[in-house]
Each structure stands twice: as structure tokens, then as C-alpha cells.
Amino acid sequence: MFSSISCSKDKTNNCTINSTYDVEISSIMNSYCIACHQSNNASGGVILEDKNSVEQHINQIILEIESQSMPPYGMPAPLGLERDSIIVILNCWLDNLVQ
């Protein structure tokens, strides 16, 4: 799904994309997270169904995807280059949040 997205940090470690919640982030959450992390089914007590809740958990989301502990075994999960692209998209969104 996201493997064709060209996104990276340039040599100065600045994001070369401007990911937004409404486009990239909500799509990632809907594809890989929301089945288990919505208000009527909040696995681990974590809700990821809106921008504020994702902002609140973004650092943990990135760590879980990097370590491949989320999505859990048996659930749809990004692989290889798609996972790498998602991690970059999430990190760039985080960078834009703190600026």
C-alpha cells in the first residue's frame, strides 16, 4: 500500500515530505491499527481512532512498528519497504508536530 511512496530524510536529516494526519497517517492507522485500537475495542487500553489519540501515542507507535511487535502476529502488517516507508512517514509527521 505505501511501498510506492517516496519519502525520506535528506542528508541534513530534514524530512523531504510533509505527511498529514488526514492523508497519510489516518490511512496507516485505518489499514493496520484501528481494528484493535478503537473506542469499542481498545486493545491494551490504547485508542488510535483520531488525530489527538495518535499524537498522544506517536512515539510508542513508531517504536512498536520498528520492533515489529505491532501489528501483532495474525493481523495485516506492512512488510519490508512498506514498513520502512511507514516509519519514515510517521517520523516526519512527528517532526512536523514538534516544530
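That block above? That's the structure.
Residues numbered from 1 in each chain as written. Predicted model: local features only at pLDDT ≥ 70, side-chain atom pairs only at ≥ 80, totals over all residues. Heavy atoms only, no water.

This paragraph deals with the packing of aromatic side chains. Evaluated as defined, the whole model comprises one aromatic pair. An angle of 40 degrees between the planes, with centres 6.1 Å apart, marks the rings of Y21 and W93 as tilted. Placement of the pair is Y21 in helix α1 (residues 21–32) and W93 in helix α3 (residues 80–98), with a sequence separation of 72 residues. Classification of W93 as buried rests on a relative accessible area of 4%. (Phe/Tyr/Trp six-rings, centres within 6.5 Å; stacked < 30°, edge-to-face > 60°. Helix = DSSP H or I, 4+ residues; strand = E, 2+ residues; numbered from the N terminus. Buried < 20%, exposed > 50% of the residue type's maximum accessible area, 1.4 Å probe, protein only.)

In total, this model carries zero disulfides according to the counting rule given. The thiol of C33 is unpaired, and the distance to the nearest cysteine sulfur, on C36, comes to 8.9 Å. Assessed through its relative accessible area of 11%, C33 is described here as buried. (Disulfide = S-S within 2.5 Å.)

A rise of 1.5 Å per residue sets the reference length of α3, with its 19 residues, at 27 Å; its end C-alpha atoms lie 28 Å apart and thus fit the reference within 8%. Along α3, the residues that are buried comprise E82, R83, S85, I86, I87, I89, L90, N91, C92, W93 and L94. The inward-facing, buried residues of α3 abut α1 and α2 (51–66). (Expected span 1.5 Å × (residues − 1). Contact = heavy atoms within 4.5 Å.)

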